[in-house]
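Each chain, written out:
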Amino acid sequence: MDRIRIRGGRPLSGEIGIGGAKNAALPVMAAAMLTDERLLLSNVPRLADIQTMGLLLAQHGLAVEPVGNDGRTLSLGGTITNTEAPYDIVRKMRASALVLGPLLARTGEARVSMPGGCSIGARPIDLHLKGLEQMGATFRLDGGYIDGRVTGRLRGATIVFPFVSVGATENLLMAASLADGRTVLANAAREPEIGDLARCLNAMGARIEGIDSDRLTVEGVACLHGASHAIIADRIETGTYACAAAITGGEVMLNNARLDHLGATIRILREAGVEIDERPGGLRVRRLNGLHGADVMTEPYPGFPTDMQAQFMALMAVSDGAAMVTETIFENRFMHVSELNRMGARINVHGASAIVRGVSALSGAPVMATDLRASVSLIVAGLAARGETVVNRVYHLDRGYEALEQKLAACGADIERLSG
């Protein structure tokens, strides 16, 4: 099993290209099921989760073909020939549940395994099912599978989410595009990735208004057509490398990064002493002085993202002062704390909050990754630690970060992947 070895203490200096957002690419790929025509996607990241979604779509009958030599442009399309999303594929990635809405909208039936993915807490799909039920679908649970049916077309409905859900918003947005009549999604998630999906759907002929707001109105159409769409830059990758530059006291240019998609991340990082400036083609990140403790609470966008919590905690571990990190999205997302503490961090967890008391330096140690963002938080910590850090079980990283060790090494980090 692969490991990553880091010898810390080197300030990062150089340029890092920010790739397409995984969390935007996955629902847009699922949207290819809404038409028999071809959907051409560019700026697609080369990640394990993208491969998994490609396998799932192929299972349903779609052709997923690379265009060009870099693997970042995909052509998707074809007729749905199978409405079952099997356990062997779905267990690898929770985003697999995003095929549920498109399958019901196109074929009137779906059999989807209950989703899997990282062990960071429960991510129930109850809101997906309740919303689709309001649109006329019926469901039953059978042997770990969700069996869904709808007679005729889905029907437009006004759906008020009791709490913000990115996945439910995406699933219902796709389903509503082909529903009969108007659908209103109230208290909808506002993440940039949802706006990206909505713009792709509109390019395919959907009629969606209120994009980037918490109230989406969809006038259903009879059919969608093919389109070309470029995936937005990954705001979580942007924030991760910003933390990496800051924790090492370096200066990095993040090419293709977008300031307008960072939400509260930009404010919190600046409060912690990180300088982030817009430059032509991206963002320049550097730390001029010391890091300062800054409290943060994870919230739906534009609040601070849960996917940045672990990386920010690593940053706070070497800050001047103390910080409180409160997790409100997932109940089991502090598994990286014990590993950071092995490296000399002083972090105490109290329920949904962690108190981080900054130390002057971390020490390299063997550590174990538990999920995608926890994995990269240990990489970030290792970049600043004295001595050698070995991060085990890094297969999680390949789900969400393309060529991470190469990008960091190009900026001066002493980092390498060890096989076996």
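Presented here is an overview of the structure given in this document. (Residues numbered from 1 in each chain as written. Predicted model: local features only at pLDDT ≥ 70, side-chain atom pairs only at ≥ 80, totals over all residues. Heavy atoms only, no water.)

Focus on the packing of aromatic side chains
Here is step 1 of the chain: Taken as a whole and assessed by the stated rule, the structure comprises one aromatic pair.
Here is step 2 of the chain: Aromatic side chains Phe-304 and Phe-312 sit 5.6 Å apart centroid to centroid with 65° between the ring planes, which places their arrangement in the edge-to-face category. Judged on exposure class, the residue Phe-304 and its partner Phe-312 are both buried.
Here is step 3 of the chain: For the cation-ring pair, Arg-111 lies above Tyr-145, with the distance from its terminal atom to the ring centre recorded as 4.3 Å. (Phe/Tyr/Trp six-rings, centres within 6.5 Å; stacked < 30°, edge-to-face > 60°. Buried < 20%, exposed > 50% of the residue type's maximum accessible area, 1.4 Å probe, protein only. Lys NZ or Arg CZ within 6 Å of the ring centre and 35° of its normal.)

Notes on helix α1 (residues 22-31)
Here is step 1 of the chain: By the criterion of burial, α1 is predominantly enclosed, with nine of the 10 residues buried.
Here is step 2 of the chain: Buried within α1 we find Lys-22, Ala-24, Ala-25, Leu-26, Pro-27, Val-28, Met-29, Ala-30 and Ala-31. (Helix = DSSP H or I, 4+ residues; strand = E, 2+ residues; numbered from the N terminus.)

Looking at the packing of helix α8 (residues 235-247) against helix α10 (residues 309-316)
Here is step 1 of the chain: With their axes 10 Å apart at the nearest point, α8 and α10 run at an angle of 10° to one another. By the angle between their axes, α8 is roughly parallel relative to α10. For the pair α8 and α10, the contacting residues are Ile-236, Thr-240, Cys-243, Ala-246 and Ile-247 in the first and Gln-311, Phe-312, Ala-314 and Leu-315 in the second.
Here is step 2 of the chain: In terms of residue class, the contact of α8 with α10 is built from seven nonpolar, two polar and no charged. (Axes fitted to C-alpha atoms, helices over the stretch in contact; angles between N-to-C directions. Parallel < 35°, antiparallel > 145°, perpendicular 65-115°, else oblique. Contact = heavy atoms within 4.5 Å. Nonpolar A, V, L, I, M, F, W, Y, C, P; charged D, E, K, R; others polar.)

A few points about helix α4 (residues 100-107)
Here is step 1 of the chain: For α4, a buried count of six out of eight residues is recorded, marking the element as mostly surrounded by other parts of the structure.
Here is step 2 of the chain: Close packing links the buried residues of α4 with α1, β7 (109-113), α5 (126-134), β8 (138-142), β9 (145-149) and α6 (166-177).

Brief notes about the pattern of salt bridges
Here is step 1 of the chain: Within the structure shown, the criterion is met by 31 salt bridges.
Here is step 2 of the chain: Across the pair Asp-277 and Arg-284 runs a salt bridge whose closest N-O atoms are separated by 2.8 Å.
Here is step 3 of the chain: Since its relative accessible area comes to 25%, Asp-277 is described here as partly exposed.
Here is step 4 of the chain: If you follow the salt bridges from partner to partner, you end up with Arg-5, Arg-7, Glu-388, Asp-414 and Glu-416 in one network. (Salt bridge = Lys/Arg side-chain N within 4 Å of Asp/Glu carboxyl O.)

Re the state of the cysteines
Here is step 1 of the chain: Summed over the entire model, instances satisfying the criterion amount to zero disulfides.
Here is step 2 of the chain: The structure places no disulfide on Cys-223, whose sulfur is separated from the nearest cysteine sulfur, that of Cys-200, by 15 Å.
Here is step 3 of the chain: A relative accessible area of 57% places Cys-223 in the exposed class. (Disulfide = S-S within 2.5 Å.)

Some points on the side chain of Thr-35
Here is step 1 of the chain: Examined against the element boundaries, Thr-35 turns out to sit in the loop between α1 and β3 (39-42).
Here is step 2 of the chain: A relative accessible area of 2% places Thr-35 in the buried class.
Here is step 3 of the chain: Side-chain polar atoms of Thr-35 contact the backbone nitrogen of Glu-37, separated by 3.0 Å.
Here is step 4 of the chain: Ignoring any residue separated from it by four or fewer positions in sequence, one finds Thr-35 in contact with Gly-78, Arg-106, Met-204, Leu-224, His-225 and Gly-226. (Polar contact = N/O pair within 3.5 Å; in protein donor to acceptor, adjacent residues only side chain to side chain.)

Thoughts on the pairing of strand β17 (residues 282-286)
Here is step 1 of the chain: Burial runs high along β17: four of the five residues are buried.
Here is step 2 of the chain: As defined by bridge partners, strand β15 (residues 251-255) adjoins β17 across five bridges and the pair is classed as antiparallel. Pairing of Val-252 across the sheet is with Val-285, part of β17.
Here is step 3 of the chain: Bridge analysis of strand β16 (residues 275-279) against β17 gives five bridges, and the strand direction is antiparallel. Within the sheet, the bridge partner assigned to Glu-278 lies in β17 and is Leu-283. (Pairing = 2+ DSSP bridges.)

Some remarks on empty space enclosed by the protein
Here is step 1 of the chain: What the rule picks out here adds up to two cavities of 30 Å³ or more.
Here is step 2 of the chain: In this structure, the largest cavity spans a volume of roughly 60 Å³.
Here is step 3 of the chain: Taken together, Gly-19, Gly-20, Pro-45, Leu-47, Asp-234, Glu-237, Gly-400, Tyr-401, Glu-402 and Lys-407 make up the lining of the largest cavity.
Here is step 4 of the chain: Counted as a void, the second largest cavity has a volume near 30 Å³.
Here is step 5 of the chain: Taken together, Thr-238, Gly-239, Ala-242, Leu-254, Leu-262, Thr-265, Leu-269, Ile-276, Leu-283 and Val-285 make up the lining of the second largest cavity. (1 Å grid on protein atoms, 1.4 Å probe; cavity = no way out; pocket = protein on both sides within 12 Å on 5 of 7 lines; lining within 4 Å. Points joined across faces, edges and corners; volume = space filled by probe spheres on them.)

Quick look at the sheet that holds strand β6 (residues 84-85)
Through backbone hydrogen bonds, the strands of a sheet pair up, either in parallel or in antiparallel fashion.
Here is step 1 of the chain: The strand order across the open sheet formed by four strands is β6-β7-β9-β8, and the pairing between neighbours is mixed. A single partner strand is all that each edge strand has here, and the edge strands are β6 and β8.
Here is step 2 of the chain: In this sheet, β9 lies alongside β8 in antiparallel orientation, the contact comprising five bridges. Pairing of Phe-139 across the sheet is with Gly-148, part of β9.

A closer look at the sheet that holds β3
Here is step 1 of the chain: Read from one edge to the other, the open sheet built from four strands follows the order β4-β5-β3-β14, with strand pairing classed as mixed. Only two strands of the sheet have a single partner each, and these edge strands are β4 (63-66) and β14 (227-230). Direction aside, the axes of adjacent strands within the sheet are offset by 20° on average.
Here is step 2 of the chain: The pairing of β3 with strand β5 (residues 74-77) spans three bridges and is classified as antiparallel. Bridging across to β5, Leu-39 finds its partner in Leu-76.

So, the nonpolar core
Here is step 1 of the chain: Of all hydrophobic cores here, the largest spans 76 residues; its most connected members are Leu-132, Met-135, Leu-154, Leu-173 and Leu-201.
Here is step 2 of the chain: Per-element accounting of this core gives the leading share, seven residues, to α1.
Here is step 3 of the chain: With sequence-adjacent residues up to four places away left out, Leu-173 is seen in contact with Leu-185, Ile-194, Leu-197, Ala-198, Leu-201, Ile-208, Leu-216 and Val-218.
Here is step 4 of the chain: Listed in part, the 72 residues of the second largest apolar core include Ile-276, Val-296, Leu-315 and Tyr-401. (Core = buried A, V, L, I, M, F, W, Y, C linked by side-chain atoms within 4.5 Å.)

With respect to unusual backbone geometry
Here is step 1 of the chain: Put simply, Tyr-301 and Pro-302 share a cis peptide bond, and its omega is 15°.
Here is step 2 of the chain: Here Asn-187, not a glycine, exhibits a phi torsion of approximately 60°, which is positive.
Here is step 3 of the chain: As for its placement among the helices and strands, Asn-187 is situated in the loop between β11 (182-186) and α7 (192-203).

Functional significance is not addressed by these values, which are geometric in nature.
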